[in-house]
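Residue-level structure breakdown
The lines below spell out each chain.
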Amino acid sequence: MPALKIFTDSIAIAANEFLQFKRNRSAVLISLVLIPLFFTVSQGAGRGSAGSSYSQTANIPMVFVDNDRTMASVRLWQTLSGSQDFHRLTQASDEQTAIAGLGLKQYYAVIVIPKGFQNILVGSISNSTQARLILYTDDAEPGLTSEVTGTLTNYVQNFNPSIEVQPIVSELQLVRGRVGGVEIIRRGTSFPGFNIGLTVILAIVQIFAVFYEIAGGLSREREEGTFARLILSPMNISSMILGKTAFDLVLSTIRTFTVLGLGIVLYRGHPNTEIGTILVLSLLIALMTMGLGFLVSALKVGLRAVVILEFFLVLTLYAFSGLLIDKELLVGGAAVIANSLPFSYAFDAMRRTILVGRPLLSLTTDLTVMVASIVGLYVFSYVLLLTFRERLAT
Amino acid sequence: MIPLIRDTASIAGKELKQLSRDPLALVLTIMFPILLIGNFIVIGSAFRATSHDIPAVVANLDDSPASAELLNKLTTSRLIHVTQVVQTQAQAFRVVDAGAAVGAVVIPAGFGIGLARGHTYVVAQLDFSKATSAQIMSGEVRLAIRQVLEEAKHGELNFQVQLATVEVITIPISGRPPTGDIIMPGFLGIIVTLGAFDDTVNAISRERDRGTFPRLILTPVSMFSIYSGKMAATVVLTVLRTGLMLLILSLNGLVVRGSLLLVFLTTLLIAMFTLSLGLVISSRIRSSSTLTVLEIAMTFPLFSLAGTGQSPLLLAPGGKAIALALPWSYGNDALRRIIYLGLGLPAVGGDLLLLLICSLILMPVAIRLSTRTM
């Protein structure tokens with residue numbers, strides 16, 4: 001009964017993998033604890049909990065220089081300093097001194113109200129001219145310029161100097177938006193930054209750990225000489241592949257729950273789909289990575305090269321498969337690469353299920369590409385491992 | 001003192017010789033920054049690109065010249081690509097729900113009449129699971145409306161609407177455009193960090209893997225000389241890496257406004273701190289590949305938390321606290337201030353001193369731990 005033999009051999013291989021893994025405490029710690037922890041905490045700490053919102057500009061020290069000293073400029077100061085986005089706004093009298101102090105990390109932006117601000121503002125109602133204020137920023141802080149500009153624009157674009165209390169810029173107003181007399185009613189759910197990050201972490205943690213466990217594991221066995229012994233045993237290649245796959249699927253399941261647990265408990269992440277769907281998707285990504293791992297190990301790659309390849313695999317996926325930037329934003333060759341990578345479809349499915357709440361089975365294209373690439377990678381790896389097994393054993 | 005310097009120089013020479021004899025390690029030392037920067041350039045160019053093809057769908061339910069003009073602005077946009085013009089709002093929303101478009105713009109019936117009266121609206125349905133694309137599309141819809149209104153002021157269509165009352169003029173103090181690159185100094189910092197982690201693996205763990213570390217310790221050379229020799233080798237490699245990176249970044253438009261010497265000093269201090277930390281970790285984790293995986297895993301959070309791509313000031317409170325506790329944040333900050341603002345030692349001295357102190361604390365700890373776990 002060859003099928004039964006393959007099955008029992010696979011179980012034996014998986015059991016052996018578990019035994020070896022259990023004996024290596026640092027591997028257990030890194031694979032199941034540190035990697036999920038590093039990635040989840042860095043996302044959560046950077047973007048904040050899913051349930052909470054924070055203003056990126058609220059606690060940035062800034063200076064307000066009023067060269068106009070009119071009712072309009074005073075009302076603008078009151079509007080900004082009383083808002084939830086400019087908690088650390090202080091006043092300074094001299095524009096040049098304030099600008100000269102930028103870059104020294106005492107404050108990071110200077111808002112200057114030029115002379116004639118009120119006159120232009122009052123005149124703008126009749127002659128369609130626009131008043132201006134000048135924002136000097138410390139652009140040694142990446143992203144600060146665009147963030148402060150955006151927030152300040154939200155406050156001043158509908159500023160009315162003739163009323164004492166300006167309408168507070170609420171989340172609703174920001175969502176609705178307005179250009180002149182045209183209101184933009186924005187539909188579609190905005191997702192907390194952490195929930196978007198959670199889809200990235202779930203995918204990247206699996207790829208990062210699984211590739212090393214499969215490709216690195218086989219390379220180590222080859223370098224230690226145990227691979228040659230495995231090849232000489234009566235077990236066939238398919239048993240080895242299945243056994244290692246079974247072992248790594250268990251680890252991947254544990255990692256999925258670790259990331260989800262950390263995300264939900266620590267950062268109030270809220271997936272918009274069932275745990276089962278997340279697990280299935282996560283394991284499909286793990287299987288794709290395993291297929292790739294077997295393929296790489298069939299090419300007789302050394303352990304150090306595996307680690308370096310892993311680093312570039314993760315970076316490539318960050319760049320091209322929609323993890324960091326949407327693949328819709330890529331153009332030319334980058335767009336072609338993005339559309340050719342099966343991982344792009346897996347990440348897309350991850351977002352559409354976890355964020356939007358689409359049923360997994362409705363994503364037929366994504367699922368087809370994923371399953372086809374898993375089958376393709378496994379078959380190709382099997383053929384290569386079978387063809388080169390003697391070369392790999394020496 | 002002289003034997004100490006001599007021994008240190010011997011160890012450093014040995015390290016560099018071993019590296020030159022290992023083609024893979026040598027290639028990686030040189031190729032690593034180039035490949036890494038290649039990836040980042042792709043990411044950066046996607047953000048800075050002046051044209052995209054973000055798929056969008058439009059439903060124009062109005063037949064006024066104003067709605068036709070808005071539709072025209074949307075279809076000729078360089079950022080969004082109107083793939084379909086549909087007849088109903090429901091059809092437009094369905095396209096977005098199916099994932100075939102990032103957003104739908106619905107121009108309602110009566111748009112033109114409302115505009116003439118001074119108040120009207122459009123509906124934008126956006127797929128925020130593609131957050132960046134959705135934000136860009138939202139901005140493009142606003143821009144299209146603004147253009148219609150501005151052109152109308154000078155044309156035949158004179159709408160009773162007023163544009164924003166106050167305009168914000170942004171002037172970054174470096175003199176670079178507000179949309180200029182923001183993360184090149186961060187690249188330099190992260191590559192120096194990765195390189196120094198790689199040096200740790202080469203310096204200790206691979207010696208352990210080969211069994212040469214015990215032999216090295218049994219020589220008359222002191223432990224301090226061994227570690228300072230390895231540090232000296234890292235200093236040489238970091239100078240090479242920094243020079244190479246600056247060359248690549250300059251070809252990509254980076255202008256270093258400050259002292260080049262100070263840039264090299266900062267990268268050296270980042271590398272020394274990273275190596276010191278790596279040596280501490282390597283005293284507990286013996287396998288070179290496990291150590292490399294751990295160090296790479298540690299590097300990824302540094303992208304988001306140590307000021308590489310985003311200022312720590314913009315992070316959530318928890319992230320800000322972590323960033324403040326990471327010495328790399330200070331190194332990256334110093335690099336940005338030297339490169340972008342042209343500031344000198346008085347301005348970044350505190351950051352550099354902190355890196356130096358951290359290295360000086362960690363190095364003896366590494367030596368002590370290595371001796372104990374021999």
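Reference entry: report on the structure contained in this document.

Conventions we followed
Residues numbered from 1 in each chain as written. Chains lettered and ligands numbered in written order. Predicted model: local features only at pLDDT ≥ 70, side-chain atom pairs only at ≥ 80, totals over all residues. Heavy atoms only, no water. Helix = DSSP H or I, 4+ residues; strand = E, 2+ residues; numbered from the N terminus. Rg over C-alpha atoms; globule rule 2.2 N^0.38 Å. Buried < 20%, exposed > 50% of the residue type's maximum accessible area, 1.4 Å probe, protein only. Contact = heavy atoms within 4.5 Å. Areas by Shrake-Rupley, 256 points an atom, 1.4 Å probe, with all protein chains shown as cover. Lys, Arg positive; Asp, Glu negative; His and termini not counted. Charge placed at Lys NZ, Arg CZ, Asp CG, Glu CD. Buried area = accessible area lost by both parts, 1.4 Å probe. Salt bridge = Lys/Arg side-chain N within 4 Å of Asp/Glu carboxyl O. Polar contact = N/O pair within 3.5 Å; in protein donor to acceptor, adjacent residues only side chain to side chain. Nonpolar A, V, L, I, M, F, W, Y, C, P; charged D, E, K, R; others polar. Expected span 1.5 Å × (residues − 1). Pairing = 2+ DSSP bridges. Right-handed = clockwise from strand over helix to strand, strands pointing away. Axes fitted to C-alpha atoms, helices over the stretch in contact; angles between N-to-C directions. Patch = residues over 30% accessible without salt bridge, like charges linked within 9 Å, V, L, I, M, F, W, Y side chains within 5 Å. Parallel < 35°, antiparallel > 145°, perpendicular 65-115°, else oblique. Left-handed = near helix turned anticlockwise from the far one by under 90°.

**A word on the overall build of chain A**
- A count of helices and strands for chain A gives 16 helices and six strands.
- A compact globule built from 394 residues should have a C-alpha radius of gyration of about 21 Å, whereas chain A, at 28 Å, is more than 25% larger.
- For chain A, the proportion of its 394 residues judged to be buried stands at 57%.
- Considering only contacts in chain A between residues 6 or more positions apart, those separated by 24 or more positions represent 76%.
- Counting only carbon and sulfur atoms, one obtains 63% of the accessible surface of chain A, whose full area is about 16400 Å².
- Counting 29 positive and 26 negative side-chain charges, chain A places the averaged centre of each group 6 Å from the other.

**With respect to the interface of chain B and chain A**
- The partner chain A presents 95 residues to the 107 residues of chain B that form the contact.
- Summing the contributions of chain B and of chain A, the shared interface buries around 8600 Å²; its carbon and sulfur component is 64%.
- The largest share of the area that chain B buries against chain A comes from Val166, Phe300 and Leu314 of chain B, three residues that together contribute 8% of it.
- Remark: the boundary between chain B and chain A carries nine salt bridges.
- With a shortest N-O distance of 3.1 Å, glutamate 328 of chain A and lysine 130 of chain B are connected by a salt bridge.
- Between the two partners, chain B and chain A, sit 32 residue pairs in polar contact (both at pLDDT 80 or more).
- When its residues are assigned to classes, the side of chain B that touches chain A shows 62 nonpolar, 29 polar and 16 charged.

**A closer look at helix α11 (residues 275-297) of chain A**
- The end-to-end C-alpha distance of α11 of chain A is 32 Å, a good match for the 33 Å that 23 residues give at a rise of 1.5 Å each.
- Among the 23 residues of α11 of chain A, 20 are classified as buried, and the element is accordingly described as predominantly covered.

**Quick word on unusual backbone geometry**
Residue and element names in this part refer to chain A.
- One non-glycine residue, arginine 69, adopts positive backbone phi at about 50 degrees.
- With respect to the secondary-structure elements, arginine 69 resides in the loop between β1 (62-66) and α3 (71-81).
- Phi angles above zero are rare outside glycine, and lysine 105 is one such case at about 70 degrees.
- Checked against the element boundaries, lysine 105 lands in the loop between α4 (95-100) and β3 (109-113).

**As for the pairing of strand β5 (residues 166-172) of chain B**
- The alternating pattern of β5 of chain B places Val166, Val168, Thr170 and Pro172 of chain B on a buried face and Glu167, Ile169 and Ile171 of chain B on a face that is not buried.
- Bridge count between strand β4 (residues 131-137) of chain A and β5 of chain B: seven bridges; the pairing is parallel. Across the sheet, arginine 132 of chain A pairs through a bridge with glutamate 167 of chain B, a residue of β5 of chain B.

**Structural notes on the pairing of strand β1 (residues 54-60) of chain B**
Residue and element names in this part refer to chain B.
- Of all seven residues making up β1, six are buried, and the element is well covered by its neighbours.
- With six bridges connecting them, β1 and strand β2 (residues 80-86) associate as parallel partners. Its bridge partner lying in β2, valine 57 is registered against glutamine 84.
- Viewed along the sheet, the connection from β1 through helix α3 (residues 65-75) into β2 turns out right-handed.
- Here five bridges tie β1 to strand β3 (residues 103-107), and the two strands are oriented parallel to one another. When the sheet's bridge partners are listed, valine 58 is paired in β3 with valine 105.

**Focus on the environment of isoleucine 6 of chain A**
Residues and elements named next belong to chain A.
- By the element assignment, isoleucine 6 lies in helix α1 (residues 2-23).
- Taking the C-alpha atoms as reference points, isoleucine 6 and valine 148, separated by 142 residues in sequence, lie 62 Å from one another.
- In contact with isoleucine 6, not counting residues within four places along its chain, are Asn236, Ser238, Ser239 and Leu242.

**Here we look at the sheet that holds strand β2 (residues 89-92) of chain A**
- As summarised here, the arrangement of the five strands in space is β2(A)-β1(A)-β3(A)-β4(A)-β5(B), forming an open sheet in which the pairing is mixed. If you trace the sheet from one side to the other, it starts and ends with β2 of chain A together with β5 of chain B, each paired once. Direction aside, the axes of adjacent strands within the sheet are offset by 25 degrees on average.
- Strand direction decides the pairing type here: β3 of chain A and β4 of chain A, joined by four bridges, are antiparallel. Within β4 of chain A, the residue paired with valine 112 of chain A across the bridge is isoleucine 134 of chain A.
- Packing of helix α6 (residues 144-156) of chain A onto the sheet brings it into contact with β1, β3 and β4 of chain A together with β5 of chain B, and relative to β5 of chain B it is tilted by some 165 degrees.

**Here's the deal with the side chain of threonine 151 of chain A**
Residue and element names in this part refer to chain A.
- Here threonine 151 lies in helix α6.
- For threonine 151, a relative accessible area of 10% gives the class buried.
- Reaching out from threonine 151, the side chain makes a polar contact with the backbone oxygen of glutamate 147 at a distance of 2.8 Å.
- In this view, threonine 151 contacts Thr57, Asp85 and Phe86; residues no more than four positions away in its chain are not counted.

**Considerations on a nonpolar patch on the surface**
- A contiguous nonpolar surface patch, about 480 Å² in accessible area, is contributed by Val371, Val375, Val379, Tyr382, Val383 and Leu386 of chain A.
- By the secondary structure assignment, leucine 386 of chain A is in helix α15 (residues 364-387).

**Digging into the packing of helix α14 (residues 342-354) of chain A against α15 of chain A**
Residue and element names in this part refer to chain A.
- Contact geometry for α14 and α15: axes closest at 9 Å, N-to-C directions at 135 degrees. With respect to α15, the axis of α14 lies oblique. Crossing hand, α14 versus α15: left-handed. Every residue of α15 that contacts α14 at Pro342, Tyr345, Ala346, Asp348 and Ala349 is listed here: Asp366, Val369, Met370 and Ser373.
- Residue composition of the contact of α14 with α15, grouped by class: six nonpolar, one polar and two charged.

**Let's talk about the side chain of aspartate 326 of chain A**
- Here aspartate 326 of chain A is to be found in the loop between α12 (303-320) and α13 (332-340).
- Arginine 351 of chain A provides the closest opposite charge to the buried, unpaired aspartate 326 of chain A, separated from it by 5.1 Å.

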